[in-house]
Protein chains: 4
Amino acid sequence: MRGAIIRGPLIPAVLTPFASDGSLALSQVEQQAALLHADGVRAVFVGGTTGEFSSLTLEERMALAERWLRVGREMGWTVLIHVGANCLADSCAMAKQAQKLGAAGIAMLSPHYLKPASGEALIACCAQVAASAPETPFYYYEIPAWTGVDVPITDWIETAYERIPNFAGVKYTHTDLLGFQWLLQACGGQLQVFYGIDEHLLAAWALGGQAAVGSGYNFATPLFYRLWQAAEKGDLQAARREQWRAARLIRQMMSLGYLASAKELVRLRGVDLGPVRLPLQNLSPEQAAELRRFVTEEGLEHYWGSNGQHLGTR
Amino acid sequence: MRGAIIRGPLIPAVLTPFASDGSLALSQVEQQAALLHADGVRAVFVGGTTGEFSSLTLEERMALAERWLRVGREMGWTVLIHVGANCLADSCAMAKQAQKLGAAGIAMLSPHYLKPASGEALIACCAQVAASAPETPFYYYEIPAWTGVDVPITDWIETAYERIPNFAGVKYTHTDLLGFQWLLQACGGQLQVFYGIDEHLLAAWALGGQAAVGSGYNFATPLFYRLWQAAEKGDLQAARREQWRAARLIRQMMSLGYLASAKELVRLRGVDLGPVRLPLQNLSPEQAAELRRFVTEEGLEHYWGSNGQHLGTR
Amino acid sequence: MRGAIIRGPLIPAVLTPFASDGSLALSQVEQQAALLHADGVRAVFVGGTTGEFSSLTLEERMALAERWLRVGREMGWTVLIHVGANCLADSCAMAKQAQKLGAAGIAMLSPHYLKPASGEALIACCAQVAASAPETPFYYYEIPAWTGVDVPITDWIETAYERIPNFAGVKYTHTDLLGFQWLLQACGGQLQVFYGIDEHLLAAWALGGQAAVGSGYNFATPLFYRLWQAAEKGDLQAARREQWRAARLIRQMMSLGYLASAKELVRLRGVDLGPVRLPLQNLSPEQAAELRRFVTEEGLEHYWGSNGQHLGTR
Amino acid sequence: MRGAIIRGPLIPAVLTPFASDGSLALSQVEQQAALLHADGVRAVFVGGTTGEFSSLTLEERMALAERWLRVGREMGWTVLIHVGANCLADSCAMAKQAQKLGAAGIAMLSPHYLKPASGEALIACCAQVAASAPETPFYYYEIPAWTGVDVPITDWIETAYERIPNFAGVKYTHTDLLGFQWLLQACGGQLQVFYGIDEHLLAAWALGGQAAVGSGYNFATPLFYRLWQAAEKGDLQAARREQWRAARLIRQMMSLGYLASAKELVRLRGVDLGPVRLPLQNLSPEQAAELRRFVTEEGLEHYWGSNGQHLGTR
């Protein structure tokens, strides 16, 4: 395995904290980390889709990475830094910084405005960025519904693994589970594959998934840990109940605005990460109230450790 | 439950037999059924996508349904008839026939050239067809990647269930597993939901799926039964191995032409179902040889009972 | 030129008349033809998208073709019959009938549930149907936004023209005007190309288009004739005014339901073609009133000859 | 009119010059401008899709804008700066710079990784950037096939025009010509609308378009001027011939890689703009030779003034 040491199956794609004026609020990272720690988290994915990377300046992305790498080091965590961007020179700059500051791994999605037209072109993109952090495990971030890039990863993964010495795995945010199985088996089974759709987590587990990166692990980690532990113990009924609980919540969030809802849920758990940035829109007071009502009606506080209680560190 | 009695979790969407000149070869149905029986099948889905329904005339569809209903009656099977079509009058005619001849259920996909623009319109389509077979369980067939209809089923399923007395369930051929979970819980948990993507079967099982309709159960039923039984026994490792075996086969089939490959595989198992019809294309001799080579290299004969042996009836 | 003799640049894709109970109302065809005749029409395209072909049974399609061919013969018109269907055997039956009854041409769209995966497959589909009416000009109907077939016509048109002796042209309902220019020049300039998007008519004219098949020529032919004549005379200002008038109307119709609005507009002109069939939905009384109000406010009666007046025969 | 003074109907979306090592080669801008000047160009659109904006760092984009604004000022040209980006803070920084350095206008496309979910959200994005250059005309850049943003501009344009004082127009790169007509008429006819698909230029002219921004005006401006002038004189035959010439060239370029081909064509005209950057791929020597052969066979040198000759300044 060329990859990072991953602690625990659930890796939050951390939300990015903003102040009420929309400026980057790095001072909230410690509180955010404390909440995650209490929930049992020991690894984070920084500056991904959930982290609104595309709405941050390069300077902000690097400041955010620096902060998380420091906090992560202090806590003994595994910190993965997302460095994907339309501009590969930006990605390279972030990759260099990540290696210098000791990231456990870097990940990148494909350029997605101008798009690679072939697996060859996509491998060349990955190779350029991976070479900027040659001693750091490199992960490709597959998320075609967002990027619109439709070069099937199954067609180029083996070549990428051969050519790029630090190619370590894939963050796979895709509903095609044949592709997921393929990655689990590809490259002699040496890839680390992180599944990326929270509402499909149990399905990914069933197919042999061993770890997941997602936004739900910012606020509902205890619920997802229960799901995972029940599945591991063979109690599928319990695992299904938790997955269904998560699915209901996610559908509610989608109907209101997913990331704005995620920030509201972290707020309910005691940490204020501020608003989302444009082009996303924040919840109206009515929408926020609707979300809180949903949480109460579903009794979700029990599942994510309200009132100072939590499910215990793993 | 308003639905049909379903025997066993795996329901083949049966291939339609053609003679070498492309004409309908109903005389092959008995042999086809015998092979499926030997594999443990006790329920079939007739005239679906796998059955090339859209390449059959109405007369052929009704003759095919009649034959399968007779054969199914003799064998004590559950026979579901697909009656979906662009023209709802055709669907109604098939629905009437299916009820008259004792089908256990009918299913329909959405009209897909002119498309319903709303859940209301889609419910009205279903209601019209369901009313033509009012004593027969009605199933909606969700398959958006083929129909291009993008009215989310989760938005209209409850209303359809209320308004249509014989609405019994959904054949769900879709990668969105949040929608799948939704259907399993919708309508007070009263829907029968058949999952329709063979290469995701274990995922559907994990989320609580209880039955599947698919093309793989025409030729690789023993493999999929092993998968299901292993999962039910809690041996996920074995279940994953079988799912992965299936995934490799399916990918090979896709690269050559899926349905033409499926007919070739049934031929390897001893039953000749003839060519596929246009707009599909048959395998070239080279492609057929490549598929056979793949089957041998993978040792698949062991899994589907070649040489007169099979895995036994369940 | 292998094609039909086309009279006038504008060919209505005629609406199909239904009685108030939704049954086929062939007796309205004569009235419909009289209205079109008064508007200057001398050629029709029968049983296309506008004619809701996909909601008709095969028997209804053939009865409709028969009626139009008789009416067209009596009036000395050019009658083109659309025979496209998912089931090619149905298409062949309609093609045979069309030739027998003296159609000036037949057209077919691609099978669109199961889809051809290559130009080769699509040519094979066309060849089979064209061979059923070998003495009748054959037109391919390109309408990818409806069929979802994405095999670019520019890649296979020359081969189709070589292989299919009666291949005469293309009805092109597509916003890609590079493809349109390509067809105008392909096959030594021998193809007849009918443009199919009414709101782009002036653009198609500018690029060299010589004829169009569309739904707008059911109710607003005088407007479109003015457009065309102004363009031919070099009065682009006037042509643009008419095109913009049409565009406003079409947008209004789209917002209410396009084909249901088209039937309402023909009703305003004195011919009742009844409702649309499912999966389409009819206008509510409020929507019908809104459409009539729009027509009045825009002063459209002047353009399509209300009150028994019209723009005169051309 | 709130907009910029536009000289001539054809505005090149200028290619960005790179050195052979891929670094920004600003020193080529003067040569590039000289070639364009000889072709009659008096306005440019800098850092758009053709300019590979998404592959440039923010610093590079600003350096490129600065250079073009200086060169443009010296030549008395109209210089429009594209400031669109996923990160609106970047867009605002570029907008401020553009205003400070005297840009005639700024343009932005929508954020396209995280995407606005409504017209409201998109207007808010535009408003934020437009407010950073309040005295500079602001243009929205509609290019849905690249951004994947599907909020129809026709639904929000009037509101945007009301709310944003410097909203001046739209660069419209879209095949929907109903939308194009809508924009020409919207906001009391006060919008400047630049059409963006070179192979549809004559169609846009026919519908009333008055200016275009495109990549073809980097290397084939004389051809497109002929097209435009012929159309304006009422010689549609000649205009169609030129449009068809352009269409053939564009199709050839698309088959090889469009922007890499564009750079090769400028090289043929005597100015070396270097390679394209990843994720795009450069032409192989064989592909470059094929393109040159095509140019020779088509006799295109005559149309773009090779050998130091050109069609004269307009």
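Residues numbered from 1 in each chain as written. Chains lettered and ligands numbered in written order. Predicted model: local features only at pLDDT ≥ 70, side-chain atom pairs only at ≥ 80, totals over all residues. Heavy atoms only, no water.

Participant: Please set out the pairing of strand β5 (residues 138-142) of chain A residue by residue, giving values where relevant.
Facilitator: Residues and elements named next belong to chain A. Where burial is concerned, most of β5 is hidden: 5 out of the 5 residues are buried. Burial of β5 is two-sided: the residues Phe138, Tyr140 and Glu142 facing one way and the residues Tyr139 and Tyr141 facing the other way are all buried. Of the strand pairs in this sheet, strand β4 (residues 105-109) and β5 are connected by 4 bridges, and their pairing is parallel. Counterpart to Ala107 in the pairing with β5 is Tyr139. In the classification by handedness, the crossover that spans β4, the intervening helix α4 (residues 119-130) and the parallel β5 is right-handed. (Buried < 20%, exposed > 50% of the residue type's maximum accessible area, 1.4 Å probe, protein only. Helix = DSSP H or I, 4+ residues; strand = E, 2+ residues; numbered from the N terminus. Pairing = 2+ DSSP bridges. Right-handed = clockwise from strand over helix to strand, strands pointing away.)

Participant: Could you give me a rundown of the sheet that holds β4(A), with the residues and numbers involved?
Facilitator: All names here are of chain A. The strand order β1-β8-β7-β6-β5-β4-β3-β2 describes an open sheet built from 8 strands, whose pairing is parallel. Of all strands in the sheet, those bounded by a partner on one side alone are β1 (10-12) and β2 (43-46). Strand after strand, the sheet turns through a mean of 25° between neighbouring axes, direction not considered. Strand direction decides the pairing type here: β1 and strand β8 (residues 211-214), joined by 3 bridges, are parallel. From the neighbouring strand, Pro12 faces β8, where its bridge partner is Gly214. Lying over the sheet, helix α2 (residues 58-75) contacts β2 and β3 (78-82), oriented at roughly 170° with respect to β3. (Axes fitted to C-alpha atoms, helices over the stretch in contact; angles between N-to-C directions. Contact = heavy atoms within 4.5 Å.)

Participant: So what's going on with the sheet that holds strand β2 (residues 43-46) of chain B? Residues and values would help.
Facilitator: All names here are of chain B. Taken in spatial order, the 8 strands of this open sheet run β1-β8-β7-β6-β5-β4-β3-β2, and their pairing is parallel. Strand pairing shows two members of the sheet lacking a second neighbour, β1 (10-12) and β2, which therefore form its edges. With strand direction ignored, the average angle separating the axes of adjacent strands in the sheet is 25°. Across 2 bridges, strand β7 (residues 192-195) lies against strand β8 (residues 211-214) in parallel orientation. What sits directly across from Tyr195, in β8, is Ala212. Across the face of the sheet, helix α2 (residues 58-75) comes into contact with β2 and β3 (78-82) while running at roughly 170° to β3. On the sheet, helix α7 (residues 177-189) packs against β6 (167-172) and β7 and is oriented at approximately 155° with respect to β7.

Participant: Hey, could you go over the UniProt feature "binding site: pyruvate" (unreviewed entry) in chain A for me, with residue numbers and the actual values?
Facilitator: Residues and elements named next belong to chain A. Taking the numbering used here, the UniProt-annotated feature "binding site: pyruvate" (unreviewed entry) corresponds to Thr50 and Val213. Separation in sequence by 164 residues is not matched in space for these annotated residues, since their most distant C-alpha atoms are only 10.2 Å apart. Considering the arrangement of structural elements, one finds Thr50 in the loop between β2 and α2. Excluding anything up to four places from it in sequence, Thr50 contacts Ala13, Val14, Leu15, Ser215, Asn218 and Leu259. Mapping Val213 onto the fold places it in strand β8. By relative accessible area, Val213 is classed as buried at 0%. (UniProt positions renumbered as here; feature names shortened; annotations may be inferred.)

Participant: Break down the relation of the copies chain B and chain A for me, with residues and values.
Facilitator: Note that the two copies of the chain are related through a rotation about an axis and a translation along the same axis. For the pair chain B and chain A, the best superposition has an RMSD of 0.0 Å and corresponds to a rotation of 180° with a translation of 0.0 Å parallel to the axis. Both copies of the chain, as the preceding transformation shows, are related through a two-fold rotation axis. Of every C-alpha in chain B, the one belonging to B:Ala203 sits nearest the axis of rotation, 2.1 Å from it. (Least-squares fit on C-alpha atoms with pLDDT ≥ 70 in both.)

Participant: Residues and numbers for the packing of helix α10 (residues 236-256) of chain A against helix α11 (residues 258-268) of chain A, please.
Facilitator: Residue and element names in this part refer to chain A. At a closest axis distance of 6 Å, the pairing of α10 and α11 adopts a crossing angle of 120°. It follows from the interaxial angle that α10 and α11 lie oblique. The two elements α10 and α11 meet at a crossing, and its hand is right-handed. Residues Leu249, Ile250, Met253, Met254 and Leu256 of α10 pack against Tyr258, Ser261, Ala262 and Leu265 of α11. (Parallel < 35°, antiparallel > 145°, perpendicular 65-115°, else oblique. Left-handed = near helix turned anticlockwise from the far one by under 90°.)

Participant: Break down the interface of chain A and chain D for me, with residues and values.
Facilitator: At the junction of the two partners, chain A supplies 33 residues and chain D supplies 33 residues. Carbon and sulfur atoms make up 65% of the surface buried where chain A meets chain D, a total of about 2600 Å² over both sides. The three residues of chain A that bury the most area against chain D are A:Tyr113, A:Leu114 and A:Pro279, which together make up 31% of that side's buried surface. Between the two partners, chain A and chain D, sit 0 salt bridges. Linking chain A with chain D are 10 residue pairs in polar contact (both at pLDDT 80 or more), by the criterion used here. Secondary-structure elements contributing two or more residues to the side of chain A that touches chain D are α3 (88-100), α4 and α5 (144-147) of chain A. Looking at the side of chain A that touches chain D, the element that brings in the most residues is α4(A), giving 5 residues. Residues belonging to the side of chain A that touches chain D are distributed by class as follows: 19 nonpolar, 10 polar and 4 charged. (Buried area = accessible area lost by both parts, 1.4 Å probe. Salt bridge = Lys/Arg side-chain N within 4 Å of Asp/Glu carboxyl O. Polar contact = N/O pair within 3.5 Å; in protein donor to acceptor, adjacent residues only side chain to side chain. Nonpolar A, V, L, I, M, F, W, Y, C, P; charged D, E, K, R; others polar.)

Participant: So what's going on with the environment of B:Ile6? Which residues, and what values?
Facilitator: Residues and elements named next belong to chain B. One can find Ile6 in the segment before β1. Note on Ile6: relative accessible area 24%, which makes it partly exposed. The spatial distance from the C-alpha of Ile6 to the C-alpha of Ala211 is 8.3 Å, given a sequence separation of 205 residues. Apart from the residues within four sequence positions on either side, Ile6 is in contact with Ile11, Thr78, Leu80, Gln192 and Phe194.

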